[in-house]
Amino acid sequence: MPDRPNTETSDRSAFVQGHELGSEIVPVDQYYSDEFFELEKGAIWKDSWLWVGRASDISKPGDFFVFEFDMLHSAIVIVRGKDGKVRGFHNYCRHRGSQVVFEREGSKKHLQCNFHGWVYDLEGKLVGVPLEDQYANLDKSCLGLKQVALETWGGWIFINYNPTPKHSVREWMKPLPSALEEYFANENWYWRAGYKDIFKCNWKLLVDNQIEGYHVNSLHQATVKGAFLPPDMKTLAFPDSLGVPGKLEWCMPTDEAGKIKLTEVALLAMKYGKTNPLYTDKDEAGTFRSAADKYPGALNRTDSPDWIFDDYAIFPNTVIFPQKDYMWIQRVWPISPHETAWEWDWWFCSEPPENFGELFSWEQAYTGLRNITTEDVDTAEGIQRSYRSGEVDGQVLSALETSVRGYQKRVLDSVQEYQKRQRQAAKPKVVGKG
Amino acid sequence: MVAETLDFTDLEPFVKQWGLPTTHDRLVKRLNSSFEDLTAFHAAMTPRLDEIIQFLNQFSLDAIPERYQALAWTTLAMCEVDDAVSKWGAPTSPLAASPLRFTYKKSFYDNKPQASGNE
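Throughout, residues of each chain are indexed from 1 in the direction in which the sequence is written. In the order they appear in the text, chains get letters beginning with A and ligands get numbers beginning with 1. Per-residue local features of the predicted model are confined to residues with pLDDT of at least 70, and side-chain atom pairs are confined, for both listing and counting, to 80 or more; whole-chain, interface and lining totals are unaffected and use all residues. In computing side-chain values, all of the structure's heavy atoms are included and hydrogens and water are not.

1. Description of the interface of chain B and chain A
On the chain A side, the residues contacting the 50 residues of chain B number 63 residues. The buried area of a pairing is the accessible area, by a 1.4 Å probe, that goes missing from both parts when the two are put together, added over both. Between chain B and chain A, a total of about 5100 Å² is buried, with carbon and sulfur atoms accounting for 58% of that surface. By definition here, a salt bridge exists when the distance from a side-chain nitrogen of Lys or Arg to a carboxyl oxygen of Asp or Glu is within 4 Å. In this structure, the connection of chain B to chain A is made through ten salt bridges. Between R101(B) and E381(A) there is a salt bridge, and its shortest N-O distance comes to 3.1 Å. Under this definition, polar contacts are N or O atom pairs within 3.5 Å; protein pairs additionally need one hydrogen-donor-capable and one acceptor-capable atom, and for neighbouring residues in sequence, both atoms have to be side-chain atoms. At the boundary of chain B with chain A, the tally comes to 28 residue pairs in polar contact (both at pLDDT 80 or more). The way it works is that DSSP assigns letters per residue, a run of H or I at least four long becomes a helix, a run of E at least two long becomes a strand, and they are numbered from the N terminus. For the side of chain B that touches chain A, the secondary-structure elements that each account for two or more residues are helix 2 (23-31), helix 4 (49-56), helix 5 (66-88) and strand 1 (103-104) of chain B. By residue number, the principal contributor to the side of chain B that touches chain A is helix 5 of chain B, which donates eleven residues. Looking at side-chain class alone, the side of chain B that touches chain A contains 21 nonpolar, 16 polar and 13 charged residues. For two strands to be treated as a pair, DSSP must find no fewer than two bridges joining them. Summarising the sheet, strand 11 (residues 190-199) of chain A and strand 1 of chain B pair through two bridges and their orientation is antiparallel. Bridge pairing in strand 1 of chain B places K196(A) opposite T103(B). The criterion used for residue contact is that any of the two residues' heavy atoms lie within 4.5 Å. Residues are grouped as follows: Ala, Val, Leu, Ile, Met, Phe, Trp, Tyr, Cys and Pro are nonpolar; Asp, Glu, Lys and Arg are charged; every other residue, Gly included, is polar.

Here it is as structure tokens:
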């Protein structure tokens, strides 16, 4: 068991709102400094739980997928063992470092390096070395595949490049409701669609943009203006949380004035299916019916009748939007201070469309969200250009951006804490007298 | 009661143009259309939309009769053109990146490449 400090003393579920985290201008060199980017590697990327997959996607022994993270030159094979346990291994052979898996995903009886044919079992143990008698003293028991820390939460798989993580994923995920964990764990979640792209901006800008709603009526004026009312949407930060720095609770406007006028296409999408986020999923008696209803408290913390979906920043690089019967996940992977790989995925726990109306509903939501997303990402590249000019004094954040302030604070605290540890490690040891 | 057949002779010219099988095909068609063409398509389809969806709903998705398949794709194309006609007044959004830059993922684990080779 890793030596973990007692972390139960702080209330990682406590949130702040408004200006409780302060109101000072936030510096922006963290978005373009090469030095800061290098520090992030140790402070954040090698010491955080990273959202990489779903355990049910590798349900049988030998099922695997590969997680690659080019910035760290890393490839991890995530595979289910014969014992039913999911493990993550660095994708290289202990002989001379060649890959043991070349495919992105699939199923294997064992893992074998194609260079000289060393064979590992599904638990990572070295079990076969061709011409083993040619070695002087080969101790196979010391030459298993190198493992990374791996844990699951709600059926999702997380890895950590720190071999002895200071905290469990469960601790990392506070304050997410346990009912949300159950909603994830107990329902049959499956991936339906996704996009990817490379953006010329810092990775953190793509998180910032997705966790505040202040921008919707301006940036999204050509798509969803009037669908949400920013002052009515709760914007939270969790200053003591390890992995959930901020949250936004998306709501429809309570006031009819200025409310979005839904088009005939949107109304029909809501009539025949339930993929449109604005769909309230009420039956004739006015009660909700969706998979999420089996897990009271999983969504819609305040039980607001105007609630549409939740939106959590999951530190460091993920944003999840859990809602009724489905969820969007955005993940970003830095390439350089100014370039980022971006992924946007749709996961569902309801059945795939069975009739044309449901397909129409899906198509309307899919294309509609794509149009909104192209507005978000366009902005991030422009912001990066501004920051790199060196002329931007900082970000001036409102109470509607407390989630962003909470996220940035988590980033800055991690790097400062890392620098402190580095300085302490570099200090010459004082030799006692006598 | 849902009719056994649906007469869509009036929509045939649009079905010939918009009966494209994938979301991507329909996106490209939208980007290459004039706003006038999009408006004419949207105006012709809108009053028939509910009736068409109801009609197609009687079949399971993998058993839509051949003669209605292109109509089904044309109906889905209404999702593609709706923002352009109802909100932007142009075939593309004036305030957004091109959706063509997004690459479709094949699975959740399809996250390569992670570098464009230029900064």
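Now that the structure has been shown, we can carry on.
2. Some thoughts on the state of the cysteines
Residue and element names in this part refer to chain A. Throughout, a disulfide means two cysteine sulfur atoms within 2.5 Å of one another. In the structure shown here, the tally under the stated rule is zero disulfides over all chains. C93 carries a free sulfur, and the closest cysteine sulfur to it, the one in C113, is 4.0 Å from it. Throughout, exposure labels follow a simple rule: accessible area from a 1.4 Å probe, protein chains only, divided by the maximum for the residue type, with under 20% read as buried, over 50% as exposed, and the rest as partly exposed. Since its relative accessible area comes to 1%, C93 is described here as buried.

3. Concerning the nonpolar core
With 112 residues, the main nonpolar core has W51(A), I78(A), I159(A), Y183(A) and W346(A) as its most contacted residues. Among the elements that make up this core, the one with the highest residue count is helix 7 (residues 356-388) of chain A (eight residues). Among residues more than four places away in sequence, those in contact with W346(A) are Y190(A), W191(A), R192(A), A193(A), T275(A), Y326(A), M327(A), W328(A), W362(A), A365(A), Y366(A) and L369(A). As used here, the term nonpolar core means buried Ala, Val, Leu, Ile, Met, Phe, Trp, Tyr and Cys residues forming a set that is joined through side-chain atoms within 4.5 Å. Membership of the second largest hydrophobic core comes to 34 residues, among which are F356(A), L11(B), F41(B) and L71(B).

4. Section: the sheet that holds strand 16 (residues 326-336) of chain A
Strand order in the open sheet formed by eight strands is 12(A)-13(A)-14(A)-15(A)-16(A)-17(A)-11(A)-1(B), and the pairing between neighbours is antiparallel. The open sheet terminates on both sides in strands that have one partner only, identified here as strand 12 (234-237) of chain A together with strand 1 of chain B. Angles here are taken between N-to-C directions and fall from 0 to 180 degrees, while the axes themselves are lines fitted to C-alpha atoms, restricted in helices to the stretch in contact. Against the sheet, helix 8 (residues 402-426) of chain A engages strand 12 and strand 13 (246-251) of chain A, with an angle of about 15 degrees to strand 12 of chain A.

5. Observations concerning the pattern of salt bridges
Applying the stated rule across the entire model yields 33 salt bridges over all chains. Close ionic contact of K294(A) with E187(A) constitutes a salt bridge, the shortest N to O distance being 2.8 Å. Taken together, the residues K294(A) in the loop between helix 6 (264-272) and strand 14 (307-314) and E187(A) in the loop between helix 3 (178-186) and strand 11 connect sequence positions 107 residues apart. One continuous salt-bridge network, built from bridges that share partners, spans E68(A), D70(A), R104(A) and K112(B).

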